[in-house]
Amino acid sequence: MKNHTIAFAVMAAIAAGCATAPTEDELAAKAHDVLKRSFEPRGQAGLDRLDQDSLQRMCSKYSGGNALPADVAERLQKEQMALIKYPASGKLIGDWKRGEKIAQSGRGGQFSDDPKKPSGANCYACHQLTKQEISYGTIGPSLYNFAKLRGYGPDIQKYAWNKVYNSHAYVACSSMPRFGYKGILTEEQMQDLVALLMDPASPVNH
Ligand code: HEC
């Protein structure tokens, strides 16, 4: 009889547990499952892009009208800064002509892209870089005259490298992709892009 009562109490507790509303985390996990089941990996589009890292989870939590607190932003930016790597050669600047082609290319990361081919950077989708370009996006600020306005010195070179490698080191929840940290671009491509921003001969600075 006693065992019966305990079993009943346990079942009642389980039933009560099931009846409570799912937590926000449980709902997010469910939504993630549905998303993962809705896609299949193809070409350069792997399903790993559906997995958020700790930074992205925080940025999702504080999106919309829910502003990111300043102390959290500062901590996240410090963590992102620590992820930035530099070329072993110490050389941050490559060839601006190649950089211009990479900045204009929107190839990469899509299911139709060959995984063996390098990605483009698509900088023009968000930034003006030169006077000549007739079509560019405006999500990011204009980078026209980037080094002419800021200077051509090593500190600005490093800032340009850092921003391309991991933009979130400066703006925790930036919409600019983390080209180096996420392995979207190679070291050489990033050197070429820094050259596009920094070389006095680059059309960015004319
Ligand atoms: C999806 C949009 C997007 C793309 C693509 C993008 N950026 Fe950005 N970028 C931004 C935004 C937005 C900012 C403003 C600050 C922030 O949120 O990080 C920014 C800021 C910058 C800055 C700092 C500007 C300053 O005045 O200090 C640099 C440099 C930069 N981007 C370079 C690049 C380069 C080079 C590329 C291509 C490799 C690129 N961006 C691709 C959105 C983008």
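Being a predicted model, the structure only gives us computed values, none of them experimental.

## What about the coordination of the iron atom of the ligand?
Here the iron atom of the ligand is held by the protein donor atoms His127 (NE2) and Met176 (SD), which lie 2.0 to 2.2 Å from it. For the iron atom of the ligand, the 6 donor atoms in the first shell make angles of 86 to 178 degrees at the metal, so the coordination geometry reads as octahedral. Of this pair, histidine 127 sits in the loop between helix H5 (96–104) and helix H6 (146–150) while methionine 176 sits in the loop between helix H7 (154–165) and helix H8 (187–198), and the two are 49 residues apart along the sequence.

## Here's the deal with the site of the ligand
Surveying the vicinity of the ligand reveals 21 residues, the closest of which are Cys123, Cys126, His127, Arg150 and Met176. At 2.5 Å from an oxygen atom of the ligand is found a side-chain nitrogen or oxygen belonging to tyrosine 159. Of all the elements in the fold, those that place two or more residues in the shell around the ligand are H6 and H7. Top element by residues in the shell around the ligand is H7. It accounts for 3 residues. Here the residues of the shell around the ligand are counted per class, giving 14 nonpolar, 5 polar and 2 charged.

## Some points on the domain arrangement of the protein chain
If you check the domain split of the protein chain, you get domain 1 (2–68) and domain 2 (96–205). Between domain 1 and domain 2, the residue contacts involve 10 residues of the former and 15 residues of the latter. When the two sides are added together, the surface that domain 1 and domain 2 hide from each other amounts to roughly 930 Å², 53% of it contributed by carbon and sulfur. The partner of arginine 178 in a salt bridge is aspartate 53, with the nearest N and O atoms 3.1 Å apart. Viewed at the interface, domain 2 and domain 1 are joined by 8 residue pairs in polar contact (both at pLDDT 80 or more). Partitioned by chemical class, the residues of the side of domain 1 that touches domain 2 number 4 nonpolar, 3 polar and 3 charged.

## Here we look at the state of the cysteines
A complete count under the given rule lists 1 disulfide for this structure. Residue pairing for cysteine 59: its cysteine sulfur links by disulfide to cysteine 173, the two sulfurs lying 2.0 Å apart. Looking along the S-S bond of the cysteine 59-cysteine 173 disulfide, the torsion reads about -85 degrees, which is the left-handed sense. Of the two residues, cysteine 59 is situated in helix H3 (residues 54–61) and cysteine 173 in the loop between H7 and H8; the sequence distance between them amounts to 114 residues.

## Re the packing of aromatic side chains
Applying the stated criterion to the full structure yields 3 aromatic pairs. Centre to centre, the rings of tyrosine 159 and tyrosine 170 are 5.0 Å apart; their planes meet at 90 degrees, and the pair counts as edge-to-face. You can see tyrosine 159 sitting in helix H7 and its partner tyrosine 170 sitting in the loop between H7 and H8, a full 11 residues away along the chain. Look at tyrosine 170 and you get partly exposed, because its relative accessible area is 28%. One aromatic cluster in this structure is built from Phe146, Tyr159 and Tyr170.

What counts and what doesn't
Residues numbered from 1 in each chain as written. Predicted model: local features only at pLDDT ≥ 70, side-chain atom pairs only at ≥ 80, totals over all residues. Heavy atoms only, no water. Donors = N, O, S within 2.8 Å, 3.2 Å for Na, K, Ca; no water. Tetrahedral: all angles 85-135°; square planar, octahedral: opposite > 155°, others 65-115°. Helix = DSSP H or I, 4+ residues; strand = E, 2+ residues; numbered from the N terminus. Near = heavy atom within 4 Å. Polar contact = N/O pair within 3.5 Å; in protein donor to acceptor, adjacent residues only side chain to side chain. Nonpolar A, V, L, I, M, F, W, Y, C, P; charged D, E, K, R; others polar. Domains from an automatic or database assignment. Contact = heavy atoms within 4.5 Å. Buried area = accessible area lost by both parts, 1.4 Å probe. Salt bridge = Lys/Arg side-chain N within 4 Å of Asp/Glu carboxyl O. Disulfide = S-S within 2.5 Å. Phe/Tyr/Trp six-rings, centres within 6.5 Å; stacked < 30°, edge-to-face > 60°. Buried < 20%, exposed > 50% of the residue type's maximum accessible area, 1.4 Å probe, protein only.

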